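Below, each chain spelled out in residue letters.
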Amino acid sequence: AEHYRKVLTVSPDFQRARRGLMAMALKNGDLEQAMEWRIGLDDPDGEVAHALAVLRHRRGEFEEASELYRESLTRKPDRAEGQ
């Protein structure tokens, strides 16, 4: 995480570092941090939205999860997990 953060100080838009930090936050169940790292992150296939939806779903935040599932499905309608 420290290395990713250092990269972002030099290149704030570096997607791989931002995605790596978000993945670590998701793995740790830190929704707030994951949402923060999502800002500015490209998500053309809705993978990021789906991962956040799953975490919110597990936390019992069903309304927020459903919004993220819908967002994910607008980018990849055939995502079976999101349906």
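Let me sum up the structure you'll find in this document. (Residues numbered from 1 in each chain as written. Predicted model: local features only at pLDDT ≥ 70, side-chain atom pairs only at ≥ 80, totals over all residues. Heavy atoms only, no water.)

Each packed pair of helices is defined by two parameters, the angle between the axes and the distance between the axes. Put simply, helix α2 (residues 15–27) and helix α3 (residues 31–38) touch, their axes get as near as 8 Å, and they point 165° apart. In terms of orientation, α2 and α3 fall into the roughly antiparallel class. Both α2 and α3 take part in a crossing whose hand is left-handed. Facing Arg 18, Leu 21, Met 22, Ala 25 and Leu 26 of α2, the residues of α3 in contact are Gln 33, Ala 34, Glu 36, Trp 37 and Arg 38. Residue composition of the contact of α2 with α3, grouped by class: 6 nonpolar, 1 polar and 3 charged. (Axes fitted to C-alpha atoms, helices over the stretch in contact; angles between N-to-C directions. Helix = DSSP H or I, 4+ residues; strand = E, 2+ residues; numbered from the N terminus. Parallel < 35°, antiparallel > 145°, perpendicular 65-115°, else oblique. Left-handed = near helix turned anticlockwise from the far one by under 90°. Contact = heavy atoms within 4.5 Å. Nonpolar A, V, L, I, M, F, W, Y, C, P; charged D, E, K, R; others polar.)

The next subject is the side chain of His 50. Inspection of the secondary structure assignment puts His 50 in helix α4 (residues 47–58). With relative accessibility at 12%, the residue His 50 sits in the buried group. (Buried < 20%, exposed > 50% of the residue type's maximum accessible area, 1.4 Å probe, protein only.)

Evaluation of the coordinates by the stated rule reveals 7 salt bridges. For the salt bridge of Arg 75 with Glu 71, the shortest nitrogen-to-oxygen distance reads 3.1 Å. Within this pair, Arg 75 and its partner Glu 71 are both found in helix α5 (residues 62–75), separated by 4 residues, close to a single helical turn. Residue Glu 71 is classed as partly exposed on the basis of its relative accessible area of 23%. Through salt bridges with shared partners, one network takes in Glu 32, Arg 56, Arg 59 and Glu 61. (Salt bridge = Lys/Arg side-chain N within 4 Å of Asp/Glu carboxyl O.)

With that out of the way, let us pick up the nonpolar core. Ranked by internal contacts, the top residues of the largest apolar core, which has 18 residues, are Met 22, Leu 26, Ala 34 and Leu 52. Put simply, the parts of the chain that give this core at least two residues each are α2, α3, α4 and α5. Once residues within four sequence positions are removed from consideration, Met 22 is found in contact with Ala 34, Trp 37, Arg 38, Leu 41 and Val 48. (Core = buried A, V, L, I, M, F, W, Y, C linked by side-chain atoms within 4.5 Å.)

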